[in-house]
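Below, each chain spelled out in residue letters.
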Amino acid sequence: MRVLVIGSGAREHALVLALRRDPSVTAVIAAPGNPGIGQHAELRPVDPTSAEDVAALAGEVAADLVVIGPEVPLVLGVADVVRAAGFPVFGPSADAARIEGSKAFAKDVMAAAGVRTAHSEIVDTPAELDAALDRFGPTWVVKDDGLAAGKGVVVTTDRRAARDHGAELLEQGHPVLLESFLDGPEVSLFCLVDGETVVPLLPAQDHKRVGDGDSGPNTGGMGAYTPLPWLPAEALTEIVEDVVKPVAAELVRRGNPFSGLLYAGLAMGSNGPAVVEFNCRFGDPETQAVLALLDSPFAELLHATATGRLAEVEPPRWKDGSAITVVLAAENYPARPRTGDVITGADDTALGGETLVLHAGTAQREDRALVSAGGRVLNVVGVGTDLAQARERAYARLAGIKLTGSHFRTDIGTTDVTIPQRNVAAE
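First, a word on scope: everything that follows refers to the structure included in this document. Given the structure is predicted, the values throughout are model-derived calculations rather than measurements.

**Observations regarding the sheet that holds strand β15 (residues 223-226)**
Within a beta sheet, neighbouring strands are joined by backbone hydrogen bonds and run either parallel or antiparallel to one another.
At step 1: Strand order in this open sheet of five strands is β12-β15-β18-β23-β20, and the pairing throughout is antiparallel. Only two strands of the sheet have a single partner each, and these edge strands are β12 (205-206) and β20 (355-359).
At step 2: Of the strand pairs in this sheet, β15 and strand β18 (residues 322-329) are connected by four bridges, and their pairing is antiparallel. Paired with Gly 223 across the strands is Val 326, a residue of β18.
At step 3: Across the face of the sheet, helix α1 (residues 10-20) comes into contact with β20 and β23 (376-384) while running at roughly 125 degrees to β20.
At step 4: Sheet strands in contact with helix α12 (residues 387-398) are β15, β18, β20 and β23, and its direction is about 140 degrees off that of β23.

Below, the structure is given as structure tokens:
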């Protein structure tokens with residue numbers, strides 16, 4: 001199988017490594033990729049948002065499977081054009097990708113499917129903003145209704161900060177989504193979805209805020225770990241049966257069947273799981289940890305999903321132990337990051353072992369030096385027999401990497417997590 005992977009971040013680096021471990025894969029081509037991915041795949045230039053260019057490239061490389069990593073090409077309909085050109089594509093249609101591209105659409109789908117989520121309102125004008133804010137709080141959740149790479153969300157107890165964020169979004173011409181605050185720890189659950197067939201992967205937990213102790217502004221994600229020792233097996237079953245399957249069935253009912261990776265972000269509160277958001281692709285940085293523990297042929301799972309045969313393949317198998325991802329970010333991230341600085345000590349991107357160094361925002365200068373080229377620069381993945389060992393290995397590897405002004409969280413996977421006691425009366 002020849003596989004074309006579209007994208008250029010650490011998520012795509014993890015996808016490429018997992019595909020390379022599948023014995024049925026004879027070649028992996030990544031477009032546009034990055035210097036780390038280039039150690040394990042042929043790199044080809046492409047504009048990921050140009051459906052025609054991606055389809056043409058799939059033809060040039062004789063792809064047996066096209067895997068689209070980022071959300072923007074999916075929301076823009078790149079998968080539709082490539083699929084129409086005759087290639088199996090892992091990634092949903094533009095209609096189905098609206099589950100991420102429009103939070104208002106996602107709310108409508110969840111309401112029809114009977115899935116618990118936060119109460120919400122859409123605000124289109126500054127005149128509506130103050131009155132709407134009065135109906136929420138004392139913790140305000142203010143979101144960009146469109147794609148914002150995880151950074152269009154403000155969760156705050158400060159009404160002025162909530163209003164400022166909403167006003168800024170409206171000034172940019174973006175509708176604002178106000179939501180009620182959901183209690184409980186968050187869970188990221190990735191599911192392979194082929195119409196109404198749903199196959200869950202390992203649950204993970206992301207760390208969105210930039211600083212230790214969940215302080216500072218939201219980011220695209222500063223780290224993640226899997227599995228979750230505090231999440232009971234019955235809670236995972238409940239998420240699949242009461243959240244993901246009903247949403248998948250509702251999309252089928254609407255004539256927009258989902259094919260690809262449906263990512264449910266949930267709050268495990270006192271009234272049971274409630275959806276914070278849905279995404280239409282593998283999450284970043286959770287994927288990097290989840291795939292480090294995969295023990296099944298990855299390309300087989302993705303190809304079966306892309307060709308409507310997911311129900312026919314064996315469920316994924318997992319290695320024992322835990323995995324953790326820690327993000328090394330550039331100076332000033334998540335604001336405008338400093339770029340162009342030389343990175344040293346990041347030359348280990350092996351296919352296996354106790355640690356992996358995955359490239360997120362890197363470039364190579366003419367003199368072959370590796371330099372920073374984005375906000376989230378590198379991911380270090382540690383694998384161990386338990387979470388403590390995985391953490392120890394990841395942070396030990398991170399200590400050997402040098403990038404001027406860089407920063408990372410030191411507390412990924414250390415929080416003592418408990419799910420609030422179930423409010424039976426509310427059910």
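**Structural notes on the packing of aromatic side chains**
At step 1: Throughout the structure, instances matching the rule amount to five aromatic pairs.
At step 2: Here the aromatic rings of Phe 190 and Phe 282 are separated by 6.0 Å at their centres, their planes lie at 90 degrees, and the arrangement is edge-to-face. In this pair, Phe 190 sits in strand β10 (residues 186-194) while Phe 282 sits in the loop between β17 (272-279) and α10 (286-292), placing the two residues 92 residues apart along the sequence.
At step 3: Members of the aromatic cluster, connected to one another through ring pairs, are Phe 90, Phe 190, Tyr 263, Phe 282 and Phe 298.
At step 4: The side chain of Arg 98 reaches across the aromatic face of Phe 105, ending 4.0 Å from its centre.

**Looking at the pairing of strand β7 (residues 140-144)**
Regular strands place side chains that alternate from one sheet face to the opposite one.
At step 1: When you tally the buried positions in β7, you get five out of five residues, the bulk of the element.
At step 2: Covered by surrounding structure in β7 are Trp 140, Val 142 and Asp 144 together with Val 141 and Lys 143, the residues of both alternating faces.
At step 3: Relative to strand β8 (residues 153-156), β7 runs antiparallel, the two sharing four bridges. Bridge assignment links Val 141 to a residue of β8, and that residue is Val 155.
At step 4: The pairing of β7 with strand β9 (residues 176-179) spans four bridges and is antiparallel. Each bridged residue has a counterpart across the sheet, and for Lys 143 the counterpart in β9 is Leu 177.

**A short note on the layout of surface pockets**
At step 1: Taken as a whole, the second largest pocket holds about 180 Å³ of empty space.
At step 2: The residue makeup of the lining of the second largest pocket, split by class, is four nonpolar, six polar and two charged.

**As for the sheet that holds strand β6 (residues 120-123)**
At step 1: Taken in spatial order, the four strands make up an open sheet running β6-β9-β7-β8, and their pairing is antiparallel. Of all the strands in the sheet, the pair left with one neighbour each is β6 and β8. On average, each strand axis in the sheet is inclined to that of its neighbour by 20 degrees, with strand direction left out of account.
At step 2: Against the sheet, helix α6 (residues 103-113) makes contact with β6, β7 and β9, and its axis sits at roughly 45 degrees relative to β9, the strand it touches most.
At step 3: Against the sheet, helix α7 (residues 126-134) engages β6, β7 and β9, with an angle of about 165 degrees to β6.

**Remarks on the side chain of Asn 34**
At step 1: Mapped onto the elements of the fold, Asn 34 is located in the loop between β2 (27-32) and β3 (42-43).
At step 2: Only 2.8 Å separates the side chain of Asn 34 from the backbone nitrogen of Ile 37, close enough to count as a polar contact.
At step 3: Of note is the side chain of Asn 34, whose polar atom sits 3.0 Å from the backbone oxygen of His 359.
At step 4: In contact with Asn 34, other than residues within four places in its own chain, are Ser 8, Gly 9, His 13, Leu 43, His 359, Ala 360 and Thr 362.

**Some points on the pattern of salt bridges**
At step 1: This structure, assessed with the given rule, holds 25 salt bridges.
At step 2: Glu 354 is paired through a salt bridge with Arg 393; the nearest N and O atoms lie 3.2 Å apart. Highlighted residues: Glu 354 in the loop between β19 (343-344) and β20 and Arg 393 in helix α12, separated in sequence by 39 residues.
At step 3: A relative accessible area of 23% places Arg 393 in the partly exposed class.
At step 4: Taken together, the shared-partner salt bridges connect Asp 108, Glu 250, Arg 253 and Arg 254 into one network.

Parameters at a glance
Residues numbered from 1 in each chain as written. Predicted model: local features only at pLDDT ≥ 70, side-chain atom pairs only at ≥ 80, totals over all residues. Heavy atoms only, no water. Pairing = 2+ DSSP bridges. Helix = DSSP H or I, 4+ residues; strand = E, 2+ residues; numbered from the N terminus. Contact = heavy atoms within 4.5 Å. Axes fitted to C-alpha atoms, helices over the stretch in contact; angles between N-to-C directions. Phe/Tyr/Trp six-rings, centres within 6.5 Å; stacked < 30°, edge-to-face > 60°. Lys NZ or Arg CZ within 6 Å of the ring centre and 35° of its normal. Buried < 20%, exposed > 50% of the residue type's maximum accessible area, 1.4 Å probe, protein only. 1 Å grid on protein atoms, 1.4 Å probe; cavity = no way out; pocket = protein on both sides within 12 Å on 5 of 7 lines; lining within 4 Å. Points joined across faces, edges and corners; volume = space filled by probe spheres on them. Nonpolar A, V, L, I, M, F, W, Y, C, P; charged D, E, K, R; others polar. Polar contact = N/O pair within 3.5 Å; in protein donor to acceptor, adjacent residues only side chain to side chain. Salt bridge = Lys/Arg side-chain N within 4 Å of Asp/Glu carboxyl O.

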